Amino acid sequence: MTIHDVVYIACAQDLQSQLGKFYYTAMMRASAHLSTRIITDSVFSKNEIIRYLHIDPDKITVIYPAVDAAFGRIFRRSRS
């Protein structure tokens, strides 16, 4: 499972619908607990997932959104 953030749990007051708050929180918690592994894109998000969803830190892997250095830089020739 990929979780980018838990902003709607951390800032639940920003959701106008009480039903929306309940649904989002319940589905996110259930999905996270049923998942074998969780990936996220920052250490901050990992810490928020641990804090708000009470997930074992060993279950979460941070994968940064970037191109691997192995791809190198592409040089373009100018058209003269």
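Look a little higher up for the structure.
A brief structural summary. Not measured: the values here are computed from a predicted model. (Residues numbered from 1 in each chain as written. Predicted model: local features only at pLDDT ≥ 70, side-chain atom pairs only at ≥ 80, totals over all residues. Heavy atoms only, no water.)

1. Notes on the nonpolar core
Working step 1: I3, V6, I9, M28, A32, I38, I49, Y52, L53, I55 and I60 form the largest nonpolar core, which has eleven residues in total.
Working step 2: When contributions to this core are tallied by element, the ones reaching two or more residues are α2 (18-34) and α3 (43-53).
Working step 3: Ranked by residue count, the leading element in this core is α3, at three residues. (Core = buried A, V, L, I, M, F, W, Y, C linked by side-chain atoms within 4.5 Å. Buried < 20%, exposed > 50% of the residue type's maximum accessible area, 1.4 Å probe, protein only. Helix = DSSP H or I, 4+ residues; strand = E, 2+ residues; numbered from the N terminus.)

2. Digging into the environment of R29
Working step 1: Topologically, R29 is positioned in helix α2.
Working step 2: Of the residues examined, R29 reaches a relative accessible area of 33% and is grouped as partly exposed.
Working step 3: Residues R29 and I49 lie 20 residues apart in sequence; the distance between their C-alpha atoms is 9.5 Å.
Working step 4: Residues in contact with R29, not counting those within four places in the same chain, are Y52 and L53. (Contact = heavy atoms within 4.5 Å.)

3. Quick word on a nonpolar patch on the surface
Working step 1: A cluster of nonpolar side chains, L19, F22, Y23 and M27, forms an exposed patch at the surface whose accessible area comes to about 500 Å².
Working step 2: The residue M27 is located in helix α2 in this model. (Patch = residues over 30% accessible without salt bridge, like charges linked within 9 Å, V, L, I, M, F, W, Y side chains within 5 Å. Areas by Shrake-Rupley, 256 points an atom, 1.4 Å probe, with all protein chains shown as cover. Salt bridge = Lys/Arg side-chain N within 4 Å of Asp/Glu carboxyl O.)

4. Regarding the side chain of T40
Working step 1: You can see T40 is positioned in strand β1 (residues 38-40).
Working step 2: Judged by relative accessible area, which is 3%, T40 ranks as buried.
Working step 3: The contacts of T40, once residues within four sequence positions are left out, are I3, H4, S45, K46, I49, I60, T61, V62 and I63.

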